[in-house]
Amino acid sequence: MDADERRWELNQITEMIIGCAFKVSNALGCGFLEKVYENALAHELRKAGLKVVQQYPIKVYYDGIIVGNYEADLLVEGCVIVELKAIKTMTQREEAQCLNYLKATKLNIGLLINFGNPKVEIKRIANKY
């Protein structure tokens, strides 16, 4: 698969994730804990035919040793990290977290999705390593 085809595929996957996030937001509204949105979005993504891993383990290496262990909320189709929040205001801290997950996994695209307000907030994060 060439770079253009891969980019098209990633765009298709992220569009499907965003559509599913809007479905979840419209049905549940805001006010629940993050885990509720994670479970609902994972269910919606699976209904859409996407492969989803919840609490995807991420190891951070430094000088050939593991120096940290984290978990991304969702890994979709093995290529898109989805980090969920249920907070009033997203900051650069949440964006940095998503970007660091991308760096650690060597993946290119992440979606930061906040269900903490009446209108779902979605940011696309790109890793240019």
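Residues numbered from 1 in each chain as written. Predicted model: local features only at pLDDT ≥ 70, side-chain atom pairs only at ≥ 80, totals over all residues. Heavy atoms only, no water.

The protein is annotated in an unreviewed UniProt entry as GxxExxY protein of Crinalium epipsammum PCC 9333.

(A) Here's a closer look at the sheet that holds strand S1 (residues 52–62). Read from one edge to the other, the open sheet built from five strands follows the order S1-S2-S3-S4-S5, with strand pairing classed as mixed. Two strands lie at the open edges of the sheet, namely S1 and strand S5 (121–126), each paired on one side alone. Across the sheet, the mean angle from the axis of one strand to that of its neighbour is 35°, orientation sign disregarded. Bridging between S1 and strand S2 (residues 65–76) involves ten bridges; their strand directions are antiparallel. Opposite valine 53, over in S2, you have leucine 75 as the bridge partner. Relative to the sheet, helix H2 (residues 34–47) contacts S1, S2, strand S3 (80–85) and strand S4 (109–114), its axis offset from that of S1 by approximately 115°. (Pairing = 2+ DSSP bridges. Helix = DSSP H or I, 4+ residues; strand = E, 2+ residues; numbered from the N terminus. Axes fitted to C-alpha atoms, helices over the stretch in contact; angles between N-to-C directions. Contact = heavy atoms within 4.5 Å.)

(B) Looking closely at the side chain of glutamate 38. Tracing the backbone through its elements, the reader meets glutamate 38 in helix H2. In this structure, glutamate 38 is in contact with Gln54, Gln55, Asp73, Leu74 and Leu84, ignoring residues within four places of it in sequence.

(C) Highlighting the state of the cysteines. Under the defined criterion, the tally for this structure stands at zero disulfides. A disulfide-free cysteine, cysteine 30 has its sulfur positioned 20 Å from the sulfur of cysteine 20, the nearest such atom. Judged by relative accessible area, which is 34%, cysteine 30 ranks as partly exposed. Take cysteine 98: it sits in no disulfide, and the sulfur closest to it among the cysteines is that of cysteine 79, at 13 Å. (Disulfide = S-S within 2.5 Å. Buried < 20%, exposed > 50% of the residue type's maximum accessible area, 1.4 Å probe, protein only.)

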